[in-house]
Amino acid sequence: MGEMVTIPIEEYKALQEAAEDLADIRASERVKAAVDRGDDEYVPAELVSRILAGESPLRVWREYRGLTQLALSEAAGVSRAQIAQIEGGRQSGSVQTLKSLAEHLGVTVDDLI
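Because the structure is a prediction, the values reported are computed rather than measured.

(A) Here's a closer look at the overall build of the protein chain. Helix and strand counts for the protein chain stand at seven helices and zero strands. In terms of overall dimensions, the protein chain is more spread out than a globule: its C-alpha atoms have a radius of gyration of 22 Å, far above the 13 Å expected for 113 residues. If one aligns the C-alpha atoms of the protein chain with their principal axes, the spans along those axes are about 70 × 30 × 30 Å. Residues counted as buried form 24% of the 113 residues belonging to the protein chain. In the protein chain, the proportion of contacts linking residues at least 24 apart, taken out of those at least 6 apart, comes to 36%. Only carbon and sulfur atoms are counted for the fraction: they give 53% of the accessible area of the protein chain, which is about 8,100 Å².

Laid out in structure tokens, this is it:
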């Protein structure tokens, strides 16, 4: 059996909390580094709120990127009518369509679903 140390429970809990704080700081530093490299971005709370309220993620991201339906359709090779149908909830879009839209919006397909 290895060496053992006995400490008061309050000291043990303080050490646990310090370890959790350190893990949070390291996670935050990883996110900041990814943003600095351009591998990730901060998303405004307003954007998240709109999506959580049930608005079309495609519309929210398209507007956030400052694109019209026509501009996105030309860039992604998807018809403007199809974008309108996806944003209106009348069509879900194929995997290939969503991949193309996501790529041109700089998001993942999951972000559009």
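(B) Region of interest: the nonpolar core. L58, L72, L101, L105 and L112 are the most contacted members of the largest nonpolar core, which totals 14 residues. Listing elements by their share of this core, those giving two or more residues are α3 (57–64), α4 (69–76), α5 (80–87) and α6 (95–105). Once residues within four sequence positions are removed from consideration, L112 is found in contact with P57, L58, W61, L98, L101, A102, L105 and V107.

(C) Representation of a negative patch on the surface within the structure. A grouping of E17, E20, D21 and D24 is seen on the molecular surface, where their side chains present a negatively charged patch. The topology assignment puts D21 in helix α1 (residues 9–37). The class for D21 is partly exposed, based on a relative accessible area of 39%.

(D) Quick peek at the layout of surface pockets. Of the voids in this model, the largest pocket is the one considered here, and its volume is about 150 Å³. Lining the largest pocket we find S56, P57, L58, I86, E87, G89, Q91, S92, L98, L112 and I113. Broken down by secondary-structure element, the contributors of at least two residues to the lining of the largest pocket are α3 and α5. The residue makeup of the lining of the largest pocket, split by class, is six nonpolar, four polar and one charged.

Reading the values: rules and limits
- Counting restarts for each chain: residues are numbered from 1 in the order of the written sequence.
- Totals for whole chains, interfaces and linings use every residue, but because this is a predicted model, local features are given only for residues with pLDDT of at least 70 and side-chain atom pairs only at 80 or more, for both listing and counting.
- The side-chain quantities take in all heavy atoms of the structure and omit both hydrogens and water.
- The helix count covers DSSP runs of H or I at least four residues long, the strand count covers runs of E at least two residues long, and both are numbered beginning at the N terminus.
- With the radius of gyration taken over C-alpha atoms, the globule rule is written as 2.2 Å times the number of residues to the power 0.38.
- Only protein chains enter the accessibility calculation, which uses a 1.4 Å probe; a residue whose area is less than 20% of its type maximum is buried, one above 50% is exposed, and one in between is partly exposed.
- By definition, residues are in contact when any of their heavy atoms lie within 4.5 Å.
- We get accessible surface area from the Shrake-Rupley algorithm with a probe of 1.4 Å; when it comes to residues, only the shown protein chains can shield them.
- Put simply, buried Ala, Val, Leu, Ile, Met, Phe, Trp, Tyr and Cys residues joined by side-chain atoms within 4.5 Å make one nonpolar core.
- Two joining distances apply to patches: 9 Å for like charges and 5 Å for nonpolar side chains (Val, Leu, Ile, Met, Phe, Trp, Tyr), and every residue must have over 30% relative accessible area and no salt bridge.
- One side-chain nitrogen of Lys or Arg within 4 Å of one carboxyl oxygen of Asp or Glu is enough to make a salt bridge.
- By the counting rule applied here, Lys and Arg register as positive and Asp and Glu as negative, while His and the ends of each chain are not counted.
- Every charge is mapped to an atom, namely NZ of Lys, CZ of Arg, CG of Asp or CD of Glu.
- Only protein atoms enter the calculation, which uses a 1 Å grid: trapped sets of points that fit a 1.4 Å probe without letting it out are cavities, open sets showing protein on both sides within 12 Å along at least five of seven lines are pockets, and any residue with an atom within 4 Å of a point is a lining residue.
- Grid points are joined across faces, edges and corners, and a volume is the space filled by probe spheres set on the points.
- All residues other than Ala, Val, Leu, Ile, Met, Phe, Trp, Tyr, Cys, Pro, Asp, Glu, Lys and Arg, Gly among them, are scored as polar; the first ten of these are nonpolar and the last four charged.

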